[in-house]
Amino acid sequence: MVIQRWQSVLLLVAVILMGCFTFMSLGQVQSDAFTFNFTTCGFYPEGQPTGTAAEPINTWYFFAVSLLSAVLPLIAIFCFKHYRLQKNLCLWTMLLLVCVVVIGAVLGYQTIDGAYVSWSSLVCAPFISIIAVCMALSRINADYRLIRESERLR
C-alpha cells in the first residue's frame, strides 16, 4: 500500500520555486561605474558600455547547487515506493537549500565592494522551499507510520 498525497504537492512547490530561482534574475548590483544583473550564473553588466567594458563574473558553482536543489525534490516525487530514498533525498535537498542561501548571501554582499544590492522578491524562494521540503518530510514520515500500522493489523 502506497500513500502519496500532499508531499508530492509540497515537493512540486519546491521544484517550481527553485527552478525559477535558478533561471531568473535575483537582483541588481549597482557599482560606481556599472549596473550588474545578478543571477545564479553570475553577474552580467547591463546596458551598453561607455569606455571600459565590465567583465562578467561567473558563478557556475552557485548555479550547480541551485539547479541540484531543484532536481532532487523532482526525483523524490517519483520515489514514493522507496521510503528511505525519498526521505534521504529530502534531507539532501534541505542541506543544498541551506547552501544556496549561504552562497547567495556571500555573493550578494561581498563580490563587488562598495556596491548597492537591490534584491528581487525571488530571493525568498529558497526559504519557502526549505519550509515546503520540511513539511513534505513530515508528511512522508506520517504516511510511513500509517502504512506500518496498517500492515501490522493484517
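Here's the deal with the overall build of the protein
Okay, step 1: From N to C terminus, the protein includes 4 helices and 5 strands.
Okay, step 2: Element order for the protein, N to C, with α for helix and β for strand: α-β-β-β-β-α-α-β-α.
Okay, step 3: In the protein, which comprises 154 residues, the proportion classed as buried is 40%.
Okay, step 4: Taking contacts inside the protein between residues at least 6 apart in sequence as the whole, the part at least 24 apart equals 66%.
Okay, step 5: Approximately 9000 Å² of the protein is accessible, and the part contributed by carbon and sulfur atoms is 65%.

Some words on the packing of aromatic side chains
Okay, step 1: Tallied over the entire structure, the rule returns 7 aromatic pairs.
Okay, step 2: Pairing Phe 23 with Phe 63 gives two aromatic rings, centres 5.8 Å apart and planes at 75 degrees, and the pair type is edge-to-face. Taken together, the residues span a long stretch of sequence, with Phe 23 in helix H1 (residues 6-23) and Phe 63 in helix H2 (residues 60-77) at a distance of 40 residues.
Okay, step 3: The class of Phe 23 is exposed, set by a relative accessible area of 56%.
Okay, step 4: Judged by its relative accessible area of 22%, Phe 63 is partly exposed.
Okay, step 5: Both rings, one in Phe 38 and one in Phe 62, keep their centres 6.3 Å apart while their planes meet at 15 degrees; by these two values the pair is stacked.

Some details on the pairing of strand E2 (residues 35-39)
Okay, step 1: By the criterion of burial, E2 is predominantly enclosed, with 4 of the 5 residues buried.
Okay, step 2: Note: strand E1 (residues 27-30) against E2, 4 bridges, orientation antiparallel. Bridging across to E2, Gly 27 finds its partner in Phe 38.
Okay, step 3: Between E1 and E2, which pair antiparallel in sequence order, lie 4 residues.
Okay, step 4: Here 4 bridges tie E2 to strand E3 (residues 42-45), and the two strands are oriented antiparallel to one another. Opposite Phe 36, over in E3, you have Pro 45 as the bridge partner.
Okay, step 5: Between E2 and E3, which pair antiparallel and follow one another directly, the connecting turn spans 2 residues.

Notes on the packing of H1 against H2
Okay, step 1: The geometry of H1 relative to H2 is characterised by a closest axis approach of 8 Å and an angle of 160 degrees between their N-to-C directions. Viewed along their axes, H1 and H2 adopt a mutual orientation that is roughly antiparallel. Handedness of the crossing formed by H1 with H2: left-handed. Facing H1, whose interface residues are Ser 8, Leu 11, Leu 12, Ala 14, Val 15, Met 18, Gly 19, Phe 21, Thr 22 and Phe 23, H2 presents Phe 62, Phe 63, Ser 66, Leu 67, Ser 69, Ala 70, Pro 73, Leu 74, Ala 76 and Ile 77.
Okay, step 2: Of the residues contributing to the contact of H1 with H2, the split by class is 15 nonpolar, 5 polar and no charged.

So, how was this worked out
- Residues numbered from 1 in each chain as written.
- Predicted model: local features only at pLDDT ≥ 70, side-chain atom pairs only at ≥ 80, totals over all residues.
- Heavy atoms only, no water.
- Helix = DSSP H or I, 4+ residues; strand = E, 2+ residues; numbered from the N terminus.
- Buried < 20%, exposed > 50% of the residue type's maximum accessible area, 1.4 Å probe, protein only.
- Contact = heavy atoms within 4.5 Å.
- Areas by Shrake-Rupley, 256 points an atom, 1.4 Å probe, with all protein chains shown as cover.
- Phe/Tyr/Trp six-rings, centres within 6.5 Å; stacked < 30°, edge-to-face > 60°.
- Pairing = 2+ DSSP bridges.
- Axes fitted to C-alpha atoms, helices over the stretch in contact; angles between N-to-C directions.
- Parallel < 35°, antiparallel > 145°, perpendicular 65-115°, else oblique.
- Left-handed = near helix turned anticlockwise from the far one by under 90°.
- Nonpolar A, V, L, I, M, F, W, Y, C, P; charged D, E, K, R; others polar.

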